[in-house]
Every structure is written in structure tokens, then in C-alpha cells.
Amino acid sequence: MLPSELQEKPLAAALETFDSSAILGGKFDRGELTILIAPEKIVAVCQYLRDKISYNRVSAITCVDWHPREPRFEIVYHLHSLERNERVRLKCPVSGENPAIESVCSVWSGANWYEREVFDLFGVTFTNHPNLERIMMPDDWKGYPLRKDYPVHGYKYSYKDTE
């Protein structure tokens, strides 16, 4: 359901016409449009924005950890229409129990490394990702260092654990 404050925004209205069940909320603050999307609809919404509204670039994908709140994570997509030089932010809530969301690499190949970074640092799985492997931390790293419950000095282990 589109909040009343967004009904006058053409992009938000177009998304509601496309699939009103995809919209969980949103806001327009400081000249920036943010739309909360149902996680199971993210690929369809991104395809629509790319093909029909000309948002042809994903400029960033990141994550916010709201621990201990549930849903714990928000996956944040920053999209850019080069044609109109317009930007929009999409947010998807993701459970902390088994954090997973569909990959948007099928929509924008440039999402590949952004999704890998979120996977590596927050532990969110992107299903159907072409190569979901660690990108910043060593393969044997334990845990996800940007989670709020990650120990400040990392997990303690002895040299015996590394052999």
C-alpha cells in the first residue's frame, strides 16, 4: 500500500500500478524517494524499473543491521536513471533467522560485487547469485564483521584453531 505522501510521486504511483502488493511503505524526505519493497518482489520490481522506467544502473547495494529488531536486516538498493538523472532507493526487510533474498544480478550484472560484499560482511545470502563467495574477508574467516552482534575485536581463537 502506497503511503498518501507518495501518491503524488510519479515513480511511486507507477510502481503501485505495476504491483501494489510489492509496496510495503516508503517516504520522501530531503528530496529523496525511498520505497519499501516486499523481498519476494524485488527482482520483478527491479526488472520493471529497468525496462519501463529506465533505471538502467544499480549504483550501490548495501545492508543495515537493526539487531535486535526483527526483521533484522534491510537490503538497500540505490538505482539511477542515467537518461533523466534521477535516483531512487529501494529497501527490503530480511529476517535475521535465515537472511536471504533473491539476487538482482539477472537485472543488472553490476549488482554482482555489491551482493558479494553484503554476503561477506553481513551474511545475507543472495539466491541464484552466479558466484556468491567471499570478496573481502579470507575464506576461513569466522562470522560477519559488520553485524552489530559481532565482537569488536573479532572472535578469539588460538593458533591451534588455524592449523
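The structure under discussion appears in the preceding block.
Residues numbered from 1 in each chain as written. Predicted model: local features only at pLDDT ≥ 70, side-chain atom pairs only at ≥ 80, totals over all residues. Heavy atoms only, no water.

Enquirer: Account for the overall build of the protein, with residues named and values stated.
Expert: Helix and strand counts for the protein stand at three helices and seven strands. Along the three orthogonal principal directions, the C-alpha set of the protein runs to about 60 × 30 × 25 Å. The proportion of buried residues among the 163 residues of the protein is 43%. Of all intrachain contacts in the protein linking residues separated by at least 6 positions in sequence, the fraction that spans at least 24 positions is 49%. (Helix = DSSP H or I, 4+ residues; strand = E, 2+ residues; numbered from the N terminus. Buried < 20%, exposed > 50% of the residue type's maximum accessible area, 1.4 Å probe, protein only. Contact = heavy atoms within 4.5 Å.)

Enquirer: Break down the side chain of E74 for me, citing the residues and quoting the values.
Expert: Locating E74 in the fold gives a position in strand β4 (residues 73–81). Looking at E74, its side chain comes within polar contact range of the side chain of W66, at 3.3 Å. Discounting residues that sit within four places of it in the chain, E74 has contacts with L36, T62, C63, V64, W66, R69, K91 and C92. (Polar contact = N/O pair within 3.5 Å; in protein donor to acceptor, adjacent residues only side chain to side chain.)

Enquirer: Residue-level account of the packing of aromatic side chains, with values.
Expert: In total, this model carries two aromatic pairs according to the counting rule given. Summarising the aromatic geometry, the rings of F18 and Y48 are spaced 4.3 Å apart at their centres and angled 15° between planes, so their arrangement reads as stacked. On the criterion of sequence distance, the pair formed by F18 in helix α1 (residues 10–18) and Y48 in helix α2 (residues 42–53) is long-range, its members being 30 residues apart. Accessibility expressed as a relative area gives 36% for F18, which makes it partly exposed. Taking relative accessible area as the criterion, Y48 reaches 16% and is therefore assigned buried. A centroid spacing of 6.5 Å and a plane angle of 80° characterise the contact between F73 and F122, whose relative ring orientation is edge-to-face. Taken together, the positions of F73 in strand β4 and F122 in helix α3 (residues 111–122) put the pair 49 residues apart, joining distant regions of the chain. F122 gets classed as buried once you look at its relative accessible area, which sits at 8%. (Phe/Tyr/Trp six-rings, centres within 6.5 Å; stacked < 30°, edge-to-face > 60°.)

Enquirer: Tell me about the sheet that holds β4, and name the residues and values.
Expert: In spatial order, the strands read β1-β2-β5-β4-β3; together these five strands make up an open sheet with mixed pairing. Of all strands in the sheet, those bounded by a partner on one side alone are β1 (23–29) and β3 (57–65). Taken pair by pair, the neighbouring strands of this sheet meet at an average axis angle of 20°, ignoring direction. Taken together, the three bridges between strand β2 (residues 32–37) and strand β5 (residues 86–94) define a ladder with parallel strand orientation. When the bridges of β5 are listed, I35 appears paired with L90. With respect to the sheet, α3 is in contact with β3 and β4, its orientation differing from that of β3 by roughly 10°. (Pairing = 2+ DSSP bridges. Axes fitted to C-alpha atoms, helices over the stretch in contact; angles between N-to-C directions.)

Geometry only, nothing functional implied.
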